[in-house]
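Residue-level structural notes
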Amino acid sequence: KSREAADPAADSSLKLAAAKHQEETASKKKLCVKAAKEHSIPKDLNKVLENKVIETVLDLSYVKLSVVEMTCSGDADSEGIVSKSVSSHSDLIPGVYEGGLKIWECTFDLMDYFSEAEIEFTNKTVLDLGCGAGLLGIVALRGEAARVHFQDYNSTVIDEITLPNVVANCTSEGRRMGSGKDRKASKPPSKRPRKAEGSPDVLNRCRFFSGEWSQVSQLLLNSNKPRSKYDLILTSETIYNPDYYSALHDTLAQLLDRNGRVYLASKVHYFGVGGGVYLFEKFIEEKNVFRTRMVKTIDQGLQRCIMEIVFKNSC
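In this report, the structure presented in the accompanying data block is examined. (Residues numbered from 1 in each chain as written. Predicted model: local features only at pLDDT ≥ 70, side-chain atom pairs only at ≥ 80, totals over all residues. Heavy atoms only, no water.)

**A few points about the overall build of the protein**
Per the secondary structure count, the protein includes 13 helices and 10 strands. Summarising the internal contacts of the protein: among those between residues at least 6 apart in sequence, 71% fall at separations of at least 24. Put simply, the protein shows about 16100 Å² of open surface, and 51% of that area lies on carbon and sulfur atoms. (Helix = DSSP H or I, 4+ residues; strand = E, 2+ residues; numbered from the N terminus. Contact = heavy atoms within 4.5 Å. Areas by Shrake-Rupley, 256 points an atom, 1.4 Å probe, with all protein chains shown as cover.)

Here it is as structure tokens:
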């Protein structure tokens, strides 16, 4: 106290230092917000499937992820997420890599639910949020959705996994490569040129985005392109980190049609990161914008749930 009283200049410099530290901290937080980017669909679809090995699951084609990890480097992985994920032995590096290199089990829970509940996609506008492999959006495309948009945090995931998966399921060559019940295609990638022909109209119904949720929302809301809000937002295993709940909630509130529906698949609790379905449900209740209901619970292994989310004043 005596030092502070005797040297007001020192006190002032401490305040300046503290203010500078707060500014630097805020600046670092801003840097962690990944800017939004729309990814164009290449005119030459052969390039999209080049050096890709195709597997099948539930009659859907998808690129073999281990091969992507082995072959994806340099410009193809400008974010460096493949090497960082492998070197750290982690499927999640907050603010760097958010899990899009894996297909998480709740994705299959949600696909099963679509079939059981006979969810109607015809002529709907759909967003596959936190899409990763994009299987949920591909199911919507197969269900004759009018438009399907895919979003993932990482641009590498969109370019090397999501977009190739959509092409593989929407072109004649991609479907042929993935045919066969037990075809796992464990052999090395074929060097033979692959023709991706047919169904360009399907790809015309798709758009692809990378970046943090709030940034993608702003990109969509400020776009000059014709747009409408989404009838359906599909998302799986995106509520593992409570730090992201506010951004996710705001994104749903901004992009969902007034009478639209969100289908969210999640584990009841994510050990190590602290999130989970009931914690997110409580967060939604406190915000008082949406109402929720659990439409399915899966008790095999770690307990998992599927939640339906709608606006409180919806029909």
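**Regarding the sheet that holds strand S7 (residues 230–236)**
Strand order in the open sheet formed by eight strands is S1-S6-S5-S4-S7-S8-S10-S9, and the pairing between neighbours is mixed. Looking along the sheet, the strands with just one partner apiece sit at the ends: strand S1 (37–39) and strand S9 (290–298). The average angle at which neighbouring strand axes cross in this sheet is 20°, direction not considered. Of the pairings in the sheet, the one linking S1 to strand S6 (residues 206–210) comprises three bridges and is antiparallel in character. Bridge pairing in S6 links His39 to Phe208. Where helix H8 (residues 155–170) meets the sheet, its contacts fall on S1, strand S5 (147–152) and S6, and the angle it forms with S6 comes to roughly 160°. (Pairing = 2+ DSSP bridges. Axes fitted to C-alpha atoms, helices over the stretch in contact; angles between N-to-C directions.)

**Some words on helix H11 (residues 213–221)**
Taken residue by residue, H11 has Trp213, Val216, Ser217 and Leu220 as its buried positions. Here the buried residues of H11 occupy an arc of 105° about the axis, which is enough to place them on one side. (Buried < 20%, exposed > 50% of the residue type's maximum accessible area, 1.4 Å probe, protein only. Arc of directions from axis to C-beta.)

**Some points on the packing of aromatic side chains**
This model, assessed by the stated rule, comprises 11 aromatic pairs. Both rings, one in Phe150 and one in Phe208, keep their centres 5.1 Å apart while their planes meet at 10°; by these two values the pair is stacked. Placement of the pair is Phe150 in strand S5 and Phe208 in strand S6, with a sequence separation of 58 residues. The residues Phe150 and Phe208 share a single accessibility class, namely buried. (Phe/Tyr/Trp six-rings, centres within 6.5 Å; stacked < 30°, edge-to-face > 60°.)

**A few points about the environment of Met70**
Inspection of the secondary structure assignment puts Met70 in helix H4 (residues 65–71). Spatially, the C-alpha atom of Met70 lies 8.7 Å from that of Val82, the residues being 12 residues apart in sequence.

**Things to note about the environment of Ala145**
By secondary structure assignment, the location of Ala145 is in the loop between helix H7 (135–142) and S5. Residue classification places Ala145 among the buried positions, given a relative accessible area of 1%. Here the alpha-carbon distance between Ala145 and Lys124, two residues 21 residues apart in the chain, equals 4.9 Å.

**A short note on the environment of Lys225**
Tracing the backbone shows Lys225 in the loop between H11 and S7. Of the residues examined, Lys225 reaches a relative accessible area of 45% and is grouped as partly exposed. Excluding its chain neighbours within four sequence positions, the residues that come into contact with Lys225 are Glu38 and Arg207.

**Some details on the pattern of salt bridges**
Opposite charge on two side chains lets them pair, provided their charged atoms get close. Per the stated rule, a full pass over the model turns up 12 salt bridges. As a salt-bridge pair, Glu38 and Arg207 come within 2.8 Å of each other at their nearest N and O atoms. You can see Glu38 sitting in strand S1 and its partner Arg207 sitting in strand S6, a full 169 residues away along the chain. Its relative accessible area of 14% is what places Arg207 among the buried residues. Arg293 is paired through a salt bridge with Glu308; the nearest N and O atoms lie 2.8 Å apart. Pair noted here: Arg293 is in strand S9 and Glu308 is in strand S10 (residues 304–311), with a separation of 15 residues, a long-range link. Since its relative accessible area comes to 48%, Arg293 is described here as partly exposed. (Salt bridge = Lys/Arg side-chain N within 4 Å of Asp/Glu carboxyl O.)

**Regarding the pairing of S6**
Among the five residues in S6, five count as buried, and that is most of the element. Because side chains alternate across S6, one face comprises the buried residues Cys206, Phe208 and Ser210, and the other comprises Arg207 and Phe209, equally buried. As judged from the five bridges shared by S5 and S6, these two strands associate in the parallel manner. Within S6, the position partnered with Asp152 by the bridge is Ser210.

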